[in-house]
Amino acid sequence: TGCTTLEQPTAAAPVIAAAPAPLVQQSRPNIVFIMSDDHAYQAVSAYESDVSRIAPTPNIDRIAQRGALFENSYVTNSLCGPSRATMLTGQFSHMHGFTRNGQKYDNSRWNWPRALGQSGYQTALFGKWHLNYSPEGAGFDTWKVLDDQGKYYNPDVITPTGRSAVEGYATDIVTDQSLHWLEQERDPDRPFALLIHHKAPHRNFMPAIRHLQKYLGTEFPVPTNYFDHYDGRRAADAQEMNIYRDMFEGHDLKMTTGVGSKELRENPWKNDFERMTPQQRAEYFSALQPSNDAMNAADMSERDMALWKYQRYMSEYLGTVAAVDDSVGRVLDWLETNGLDENTIVVYTSDQGFYLGEHGWFDKRFMYEESLRTPLLIQYPGHIAPGTRVTAPVQNVDYAPTFLELAGLAQQPSIQGRTLREVFDNSPPADWREDIYYHYYEYPGFHAVRAHYGVRTERYKLIRFYGDINAWEFYDLQADPAEMHNRIDDPKVRSLVADLKQRLEGLRARYQDDSGPAVDAPLALASAMAKGRR
Ligand code: SGN
Ligand code: CA
C-alpha cells in the first residue's frame, strides 16, 4: 500500500518546545481551508493510486494521518466556478445560479465566510477566486486574488487597491501571502478563517523551476483505457478533451518544433510564457530541452507519440502538485510551530477531480468517477480521530454547514447540504444520504462535454445526457469501475434502471431542480426542447 508515505513528521517535539508562549486560548476553532484547482484524487497519495505511489504528496497526507480521509467525496457540478459557488453557499448550481464558468457571480449572496466574519471571525482569502473580477463585496476582511484563472509565473494579483504583477511562482506567492497574514496581520485574540486557493495544478500545468525535472523521465503507469473507443457512450465520443488529439502541443505539453529548437509548437495563448522573466524562461526551457530534443529526433508512431504525450502530461501536472504539497507542508508546520494546530480545522480539497489519462482524457466535467470525485481531507484534533477513513458519501454542498456548526453558528435555511460533523467518526446517522445528485450544464463550451444529470448510489450510476446528444447511461461500478460498458439497453438491468430513475426524480424534487428535461421526459422530447432553446 501507499501507507509508507504516511509517516509522522519527525521534528514535532523540538519545534513545539521552541515555540513562543501559547496564544490566548480560544474556544472557537480557527479554519484553514486549502483548495487547489483540478487536483485529481489519483494524485494524492493518501488515496493510494498507482500514480501517487510514484508521485507522493507527503504533506497533504499528514492531514489524513492526523484526521480524516473522505473516501467518497463528490462534487455537484464538476467545474470551477459552479463548484466554488457551491462551497461558499452550500447550494446546488441551480439554486445559487452559477451553473457555468463565465457567468457573473453575485458576491452579495449569503456565504459562510461572511457569516463567520459577522460573528467575530477574521476572514482572509488568498489565491484563485474566478467567480468574477474580485471578491469585493463577498465579506472578506482581507483578500488578494489571482486575476481570472491565474498565471503560474509572475501572476497578476488583484487587491482592493488595484492590480499588479507579482514576480514569482503562483503557488509560492499565495503561500507567502497566507503565512504573512497569519504571522503579521491578523489579530491573535480572535479566531480566523483563512482560505488558501491555489491555481495549480490547473491547465497549462507549469511546474516551479525547482520541480521541472522531478518527474521528467519517470515512467507512469498508463491507464488501461487510455485508448478508449467510447463504444456505446455517445457523449464521451463527442468530447474534445483527449490528450493525444486536443491538447495543444506547445501551450500544454511544451513540445518544441525540432531538434535544437526553442520554439514551441501550437501555443494559442503566448502570454503564459511571455510573461516569464528571461531567466525563468531560460531555466524552464533548458530543463525540458534534452527531453524535447529526444522526442523530436525519434521517429515515433502515432501510438508511441500518444504515449509520450501522456508521460509529458504526467510529469508537468505532477510537477505542479509538488509545489502545492510543499505549500501545505509550510502551512501545517507554521500552525504546529505556533501552537495553533490543536484548535484549527485544516481542510484540503480541490474544486473538482480531473482525468489523468483515463479514457484518454485531461479536464473534468463528466459525471464519471475521476471528475465526479474530489479529494477531501480534514484534521481537527480532539474532534476527529487520527487516521479516520470516512466512507459515507459527502458532497461540496456540505462544507458551508460544517463550518457554520464548528464556529458555533445557527444553520442557514437556504443550505442544501449537511454538516460533516455527523460523519467525523464514520458512523453516519440513519438518515444520512445514500445517493448523490449531479448536474453539469456548460455546453456549448470548452471541451464539448454535453449537459447531463444523474444519480450515483454506492454501486450504480445512472446518467442522462441532454441537448444535441440525448442518451441514458447505466454503470455497475462494482463490475465496471472504469465505466466502459454502458448497460442501459441490457434487459437484465431494466428494473434496476427503473428504480434509479425513481431515485433520480426524488433527488431532483428534494433539491428543487427542474432545470433540464424531466426524468420521465422521453429522449426525443428532450432533444426538441434543446433545439427550441437555441
Ligand atoms: C480554461 C482551460 C480549460 C478548462 C477551463 C475551466 N483552458 O479555459 O481547459 O476546462 O479553463 O477550468 S486553458 O488552456 O485556457 O487553461 S476551471 O477549472 O476553471 O473550471
Ligand atoms: Ca477547476
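To be clear, the structure that these remarks concern was listed above.
This structure is a prediction, so every number in the text was calculated from the model and none was measured.

Cut-offs used in this document
- Residues numbered from 1 in each chain as written.
- Chains lettered and ligands numbered in written order.
- Predicted model: local features only at pLDDT ≥ 70, side-chain atom pairs only at ≥ 80, totals over all residues.
- Heavy atoms only, no water.
- Helix = DSSP H or I, 4+ residues; strand = E, 2+ residues; numbered from the N terminus.
- Buried < 20%, exposed > 50% of the residue type's maximum accessible area, 1.4 Å probe, protein only.
- Near = heavy atom within 4 Å.
- Polar contact = N/O pair within 3.5 Å; in protein donor to acceptor, adjacent residues only side chain to side chain.
- Areas by Shrake-Rupley, 256 points an atom, 1.4 Å probe, with all protein chains shown as cover.
- Nonpolar A, V, L, I, M, F, W, Y, C, P; charged D, E, K, R; others polar.
- Donors = N, O, S within 2.8 Å, 3.2 Å for Na, K, Ca; no water.
- Tetrahedral: all angles 85-135°; square planar, octahedral: opposite > 155°, others 65-115°.
- Pairing = 2+ DSSP bridges.
- Axes fitted to C-alpha atoms, helices over the stretch in contact; angles between N-to-C directions.
- Expected span 1.5 Å × (residues − 1).
- Arc of directions from axis to C-beta.
- Contact = heavy atoms within 4.5 Å.

(A) Seen up close, unusual backbone geometry. Residue A200 is joined to P201 through a cis peptide bond whose omega torsion reads -5°. Among the structural elements, P201 can be located in the loop between β8 (192-197) and α8 (234-238). Of note, the bond from Y443 into P444 is cis; its omega dihedral lies within 30 degrees of zero at 0°. As for its position among the elements, P444 is in the loop between β13 (436-440) and β14 (452-456). Backbone geometry at F205 places phi at a positive 50°, although glycine is not the residue there. Along the chain, the position of F205 falls in the loop between β8 and α8. The exposure class of F205 is buried, given its relative accessible area of 1%.

(B) Examining the site of ligand 1 more closely. Residues in close proximity to ligand 1 total 19 residues, the closest being Q149, D363, K364, R365 and H447. In this structure, D38 approaches ligand 1 through a side-chain N or O atom, which is 3.3 Å from an oxygen atom. Within the contact set of ligand 1, an oxygen atom lies 2.8 Å away from a side-chain nitrogen or oxygen of Q149. Burial of ligand 1 by the surrounding chains reaches 91%, relative to a free accessible area of 460 Å². Looking at side-chain class alone, the shell around ligand 1 contains four nonpolar, seven polar and eight charged residues.

(C) Spotlight on the coordination of the calcium ion (ligand 2). Coordination of the calcium ion (ligand 2) by the protein involves D37 (OD), D38 (OD), D351 (OD), D351 (OD) and Q352 (OE1), with metal-donor separations of 2.1 to 2.7 Å. If you look at the calcium ion (ligand 2), its six donor atoms make angles of 51 to 173° with each other, and the shape they trace is irregular. Spacing between the donor residues of the calcium ion (ligand 2) along their common chain follows D-D-x312-D-Q. Residue D37 is found in the loop between β1 (30-36) and α2 (50-54), and its partner D351 is found in the loop between β9 (344-350) and α13 (369-372); the two are separated by 314 residues along the sequence. Here D37 falls in the buried class, since its relative accessible area comes to 0%.

(D) Local environment of the side chain of S93. Summarising the element assignment, S93 is placed in helix α5 (residues 93-96). Assessed through its relative accessible area of 3%, S93 is described here as buried.

(E) Summary view of the sheet that holds β14. As summarised here, the arrangement of the four strands in space is β13-β14-β15-β16, forming an open sheet in which the pairing is antiparallel. Pairing within the sheet leaves two strands with one partner each, and these edge strands are β13 and β16 (471-476). Each strand of the sheet is rotated relative to its neighbour by a mean of 15°, with strand direction disregarded. Where β13 and β14 come together, five bridges link them in antiparallel fashion. Its bridge partner lying in β14, Y438 is registered against G454.

(F) Structural view of helix α15 (residues 494-510). Compared with the 24 Å implied by 1.5 Å per residue over 17 residues, the 24 Å span of α15 between its first and last C-alpha is a close match. Those residues of α15 not exposed but buried are V497, L500, L504, L507 and R508. One side of α15 holds all its buried residues, which, seen down the axis, span an arc of 95°. Turned more than 90 degrees away from the buried face of α15 sit S495, Q502 and A509, all of them exposed. Looking at the buried residues of α15, the elements they touch are β13, β14, β15 (460-465) and β16. Immediately downstream of α15, the backbone of Q512 shows phi near 60°, a positive value.

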